[in-house]
Amino acid sequence: MNVLVTGGAGFIGSNFIFHILDQHPNYRVVCLDALTYAGNLSTLESVMDNSKFRFVKGDITDRELIDQLFKEEKFDFVVNFAAESHVDRSIEDPGVFLKTNILGTQVLMDASRTYGIKRFHQVSTDEVYGDLPLDRPDLFFTEETPIHTSSPYSASKASADLLVQAYHRTFKLPVTISRCSNNYGPYHFPEKLIPLMISRALNDESLPVYGKGENVRDWLYVGDHCTAIDLILHKGKEGEVYNIGGHNEKSNLEVVKTILRELGKPESLITYVKDRVGHDMRYAINPTKTRRELGWEPTTLFDDGIKQTIKWYLDNRTWWENIISGDYKDYYKKMYEDRQGDE
Ligand code: NAD
Ligand code: TYD
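Since this is a predicted model, take the numbers as computed values, not measurements.

## Re the site of ligand 1
Stage number 1. Looking at ligand 1, there are 28 residues lining it, with I12, D33, S85, Y153 and K157 nearest.
Stage number 2. Separating a nitrogen atom of ligand 1 from a backbone N or O atom of A34 is a distance of 3.1 Å.
Stage number 3. For ligand 1, whose free accessible area comes to 840 Å², the fraction covered by protein is 97%.
Stage number 4. By residue number, the principal contributor to the shell around ligand 1 is strand β5 (residues 119–125), which donates three residues.
Stage number 5. Residue composition of the shell around ligand 1, grouped by class: 13 nonpolar, twelve polar and three charged.

## A look at the side chain of S14
Stage number 1. Locating S14 in the fold gives a position in helix α1 (residues 11–23).
Stage number 2. A relative accessible area of 0% means that S14 is categorised as buried.
Stage number 3. If we skip the residues at most four places from it in the chain, S14 touches G8, T43, L44 and Y187.

## Observations regarding the packing of helix α8 (residues 252–263) against helix α10 (residues 302–315)
Stage number 1. Two elements in contact, α8 and α10, have axes whose closest approach is 11 Å; the angle formed by their N-to-C orientations is 60°. Judged on the interaxial angle alone, α10 and α8 are oblique. Handedness of the α8/α10 crossing: right-handed. Contacts between α8 and α10 involve V255, T258, I259, E262 and L263 from the first element and F302, I306, K307, I310 and L314 from the second.

## Structural notes on the pairing of strand β2 (residues 28–33)
Stage number 1. In terms of residue burial, β2 counts as a mostly covered element, since five of its six residues are buried.
Stage number 2. In the sheet, strand β1 (residues 2–6) pairs with β2 via five bridges, with the strands oriented parallel. Bridging from a neighbouring strand, V3 pairs with V29 of β2.
Stage number 3. The β-α-β motif built from β1, the intervening α1 and the parallel element β2 has right-handed crossover chirality.

## So, the site of ligand 2
Stage number 1. Close contacts around ligand 2 come from 19 residues, with E127, R217, R276, H279 and Y336 the closest.
Stage number 2. For ligand 2, an oxygen atom lies 2.9 Å from a polar atom in the backbone of L193.
Stage number 3. Taking R217, its side chain carries an N or O atom lying 2.7 Å from an oxygen atom of ligand 2.
Stage number 4. Relative to its unbound accessible area of 510 Å², ligand 2 is 97% covered by the protein chains.
Stage number 5. When contributions to the shell around ligand 2 are tallied by element, the ones reaching two or more residues are α6 (193–202) and β8 (207–210).
Stage number 6. Tallied by class, residues from the shell around ligand 2 come to nine nonpolar, five polar and five charged.

## Some points on the pattern of salt bridges
Stage number 1. In the structure shown here, the tally under the stated rule is 21 salt bridges.
Stage number 2. Between K265 and D204 there is a salt bridge, with its nearest N and O atoms 2.9 Å apart. A residue pair is termed long-range when its members are at least 10 positions apart, and K265 in the loop between α8 and β13 (270–273) and D204 in the loop between α6 and β8 qualify at 61 residues.
Stage number 3. Beyond isolated ion pairs, a larger network of salt bridges with shared partners links R28, R54, E72 and E73.

## Considerations on the sheet that holds strand β6 (residues 175–180)
Stage number 1. Taken together, seven strands build an open sheet; the order of strands is β3-β2-β1-β4-β5-β6-β11 and the sheet is parallel. Of all the strands in the sheet, the pair left with one neighbour each is β3 (53–57) and β11 (241–244). The mean inter-strand angle of the sheet, taken between neighbouring strand axes irrespective of direction, is 20°.
Stage number 2. Examined bridge by bridge, β2 and β3 share five bridges and lie parallel to one another. Paired with V29 across the two strands is F53, which belongs to β3.
Stage number 3. Strands in contact with helix α5 (residues 152–171) are β5, β6 and β11; relative to β5, the strand with the most contacts, it is inclined by about 155°.

What counts as what
Residues numbered from 1 in each chain as written. Chains lettered and ligands numbered in written order. Predicted model: local features only at pLDDT ≥ 70, side-chain atom pairs only at ≥ 80, totals over all residues. Heavy atoms only, no water. Near = heavy atom within 4 Å. Polar contact = N/O pair within 3.5 Å; in protein donor to acceptor, adjacent residues only side chain to side chain. Areas by Shrake-Rupley, 256 points an atom, 1.4 Å probe, with all protein chains shown as cover. Helix = DSSP H or I, 4+ residues; strand = E, 2+ residues; numbered from the N terminus. Nonpolar A, V, L, I, M, F, W, Y, C, P; charged D, E, K, R; others polar. Buried < 20%, exposed > 50% of the residue type's maximum accessible area, 1.4 Å probe, protein only. Contact = heavy atoms within 4.5 Å. Axes fitted to C-alpha atoms, helices over the stretch in contact; angles between N-to-C directions. Parallel < 35°, antiparallel > 145°, perpendicular 65-115°, else oblique. Left-handed = near helix turned anticlockwise from the far one by under 90°. Pairing = 2+ DSSP bridges. Right-handed = clockwise from strand over helix to strand, strands pointing away. Salt bridge = Lys/Arg side-chain N within 4 Å of Asp/Glu carboxyl O.

Shape is all these values report; function is a separate question.
Structure below.
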């Protein structure tokens, strides 16, 4: 099998490439990535010399390049991770989210139609379902929950999902969609909650918690997301949506305090800052369909996964220090200077 993984120099895509090369030694993997601020070639260092792996630098919105690549490679599977993925950035500048997340998906599906593939898998998010209230712990997102988006990021992902479903119905493109909850683990870019808090706590810097820190996310270890996508690719039914999540709901404050405790750092590092606009309160996935139809079970509990993740950031300081010493410094200043001390 020849597998195209887009966005494979990012957090989840890179973990998925390692998973596929490890679990399916006969498969060939081509990673296409534009290497935006979020893509990091050093993440893929360990597979660069693998004869089953090829890296191509390119943009999923570049029709000519995509056409050429599909013609040349004759892919069996396309797994689309490439996206702008950070909600706060989408609030600052929505345009590139619409371009990459929607139009990029269209370009990939057009090439998939032209050259024929066995499966186009769209990596989506639980954020397309909007949010749930904090006082209704009985409510969960199922695959039937209506799309109801809050941020330009989630709206762009939801738009892409609708387009993927339209290509299935209209053009019979063999598609699947997965909607996963928040991931954490190795190679997570330190602009997202968990790696941001680990890296800042290690440097004894303040930890910016939005609002009161009450918002709840449903955390899943990235390896469990990869095994679910692998199962969906091989056993999932065409045209279907699969929810992925491991019933690991935590408030942001609980997550931040756990990190501080594990690192032996004081809670006085926590700084409450101005809330995100349109901030979703709670995400919670019901993964029953994926479990029942595909036999998927998450294997890493949050208490173990967070320890492994912290250890990874301790053991791989150079990886994240290189990131936060560059342009990211300006990003942090720009994004957080208006929030300071203002709940
Ligand atoms: P990420 O930001 O870490 O990585 C995105 C990758 O895509 C980067 O390597 C970047 O260079 C690349 N990219 C961006 N624009 C591109 C373009 N136009 N052409 C080619 N490559 C491009 O993101 P992530 O957290 O790994 O998320 C991957 C996917 O999973 C996204 O589609 C996201 O919506 C989805 N998802 C993420 C989470 C999460 O918790 N991180 C949860 C559910 C779903
Ligand atoms: P994030 O990692 O950006 O993921 P998402 O918004 O896609 O769920 O944020 C996770 C939660 O953490 C979210 O409720 C916002 C909050 N948050 C903070 O409190 N402070 C921060 O500096 C960041 C980046 C996020």
